[in-house]
Number of protein chains: 2
Amino acid sequence: MGVEERRQQLIGVALELFSARSPDEVSIDEIAAAAGISRPLVYHYFPGKQSLYEAALRRAAEELATRFVEPREGPLGARLLRVMKRFFDFVDEHGPGFSALMRGGPAVGSTTTNAMIDDVRQAAYEQIMSHLDIAEPPVRLTLVVRSWVSLAEATALLWLDGREIPRAELELQLVHDFAALCAVSAAYDDGMAAVVVRILEQEPLEGPFGELVGRLMAIAPTVMEQVVADDRTA
Amino acid sequence: MGVEERRQQLIGVALELFSARSPDEVSIDEIAAAAGISRPLVYHYFPGKQSLYEAALRRAAEELATRFVEPREGPLGARLLRVMKRFFDFVDEHGPGFSALMRGGPAVGSTTTNAMIDDVRQAAYEQIMSHLDIAEPPVRLTLVVRSWVSLAEATALLWLDGREIPRAELELQLVHDFAALCAVSAAYDDGMAAVVVRILEQEPLEGPFGELVGRLMAIAPTVMEQVVADDRTA
């Protein structure tokens, strides 16, 4: 094997091991054994454990970023739902490696890996903004999109810890969360209200956004009655 | 000064410096100068830079956790809003130190500091759960509360980066976001719907939760008309 080919093989082997156990728990010896080469030979291709780990995490980060790419066709809610499915595919496949990357730790919490994580977040942010296609995005939209990216990260990490809730439910929930966070911002800000109307204009009633609005409108009267009734007796 | 007194003074000086610049940019020399002692004397109290930084971050983390404590009196929305004000007070006072702590980096991204951050998140989660006072919280509620804690963190970090949106607006928005994330979960899950009704039972119409529901109900018909009209023409 050539140098680059061997490096790519070792990265692949490392990622395979990180899908079952945290990078902190995987030794160079194990990577060498799984690749069928000697430990010193691993060090020939990567000067240290940290450099192999960083190379593996870089490939994983790049792969994750590619999963955000979605054709700009059809309603936004359906597009976002497809991206969420691919995001959870990735999280599912890379379990412990994804957790370690996002949570930091001895093998990963370096300036280099933090910069990689920021790059992935930035890629997610830019993809969403390109789909929203708003010439001069209000600062509140930037905040909603970026904070929702954090919410998606946190939700995926929490899901990995026990996998108690079906992932399909969380994929849809995150699409709804996006709409809900936009709606909250729109309740107090005209610029955001215009953005929300613009998004919903393209949404069919049976899409994820339309469905959420329908469901909330269906339970809202009961909730409002409850609030009003309570207010009267207070 | 006694040993413990001097240690506390150095921690205080370090936190003061971290409120203006990132821990990575603050040297032990500066901390020594600000405390009016020699550099070797700092090392007498703290064996290395990392141990002083960790002690400072520990004190900050403990202080942040105390700000989550709120009497269990009055409507939940108003309680959460008061906690958000104290949270943003903390973020405001500790700016660069808070950013560095949450974002990781050479001086902070260690196993010890990561564990501190997890402790703060856990304290926030436990406070909220104690206020919600639900005997057997559904797993979806745990997810909503924990992911909202991440959202609050992310929102505060984004706010620090330029402070473009007034913090009072974000404090209220985070309270609303909490309600919105609960509502999304409630739209598909009966257990969460029961939790939401239970929360709203205690809310006055003029409180932050009641106000949000009112505002959203006010804009909802326009949005629904838009969606329905678009669906007809599609």
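The name an unreviewed UniProt entry assigns to chain A is TetR family transcriptional regulator, from the organism Streptomyces inusitatus.

Colleague: Help me understand the overall build of chain A in this model?
Modeller: A tally of regular secondary structure across chain A gives 10 helices and zero strands. Listing the helices and strands of chain A from first to last along the sequence gives α-α-α-α-α-α-α-α-α-α. In terms of principal-axis extent, the alpha carbons of chain A reach across some 75 × 40 × 30 Å. In chain A, buried positions account for 52% of the 234 residues. Long-range contacts, defined here as pairs at least 24 residues apart, represent 68% of the contacts in chain A between residues at least 6 apart.

Colleague: When you look at the packing of aromatic side chains in this model, what are you seeing that I'm missing?
Modeller: Where two aromatic rings form a pair, the distance of their centres and the angle of their planes describe that pair. Residue and element names in this part refer to chain A. Per the stated rule, a full pass over the model turns up 12 aromatic pairs over all chains. Taken together, a centroid distance of 5.5 Å and an interplanar angle of 75 degrees make the contact between Phe88 and Trp159 edge-to-face. You can see Phe88 sitting in helix H5 (residues 76-103) and its partner Trp159 sitting in helix H7 (residues 139-160), a full 71 residues away along the chain. The class of Phe88 is buried, set by a relative accessible area of 0%. A residue is classified by how much of its surface remains accessible, and Trp159, at 5% relative accessible area, is buried. Ring geometry for Trp148 and Phe178: centres 5.5 Å apart, planes at 80 degrees, overall edge-to-face. A residue pair is termed long-range when its members are at least 10 positions apart, and Trp148 in helix H7 and Phe178 in helix H8 (residues 167-188) qualify at 30 residues. By relative accessible area, Trp148 is classed as buried at 2%.

Colleague: What should I look at first to understand the UniProt feature "DNA-binding region" (unreviewed entry) in chain A in this one?
Modeller: Here, UniProt's "DNA-binding region" (unreviewed entry) annotation points to residues 27-46 of chain A. For residues 27-46 of chain A, the end-to-end C-alpha separation is 14 Å, with 75% helix and 0% strand making up the annotated structure.

Parameters at a glance
- Residues numbered from 1 in each chain as written.
- Chains lettered and ligands numbered in written order.
- Predicted model: local features only at pLDDT ≥ 70, side-chain atom pairs only at ≥ 80, totals over all residues.
- Heavy atoms only, no water.
- Helix = DSSP H or I, 4+ residues; strand = E, 2+ residues; numbered from the N terminus.
- Buried < 20%, exposed > 50% of the residue type's maximum accessible area, 1.4 Å probe, protein only.
- Contact = heavy atoms within 4.5 Å.
- Phe/Tyr/Trp six-rings, centres within 6.5 Å; stacked < 30°, edge-to-face > 60°.
- UniProt positions renumbered as here; feature names shortened; annotations may be inferred.

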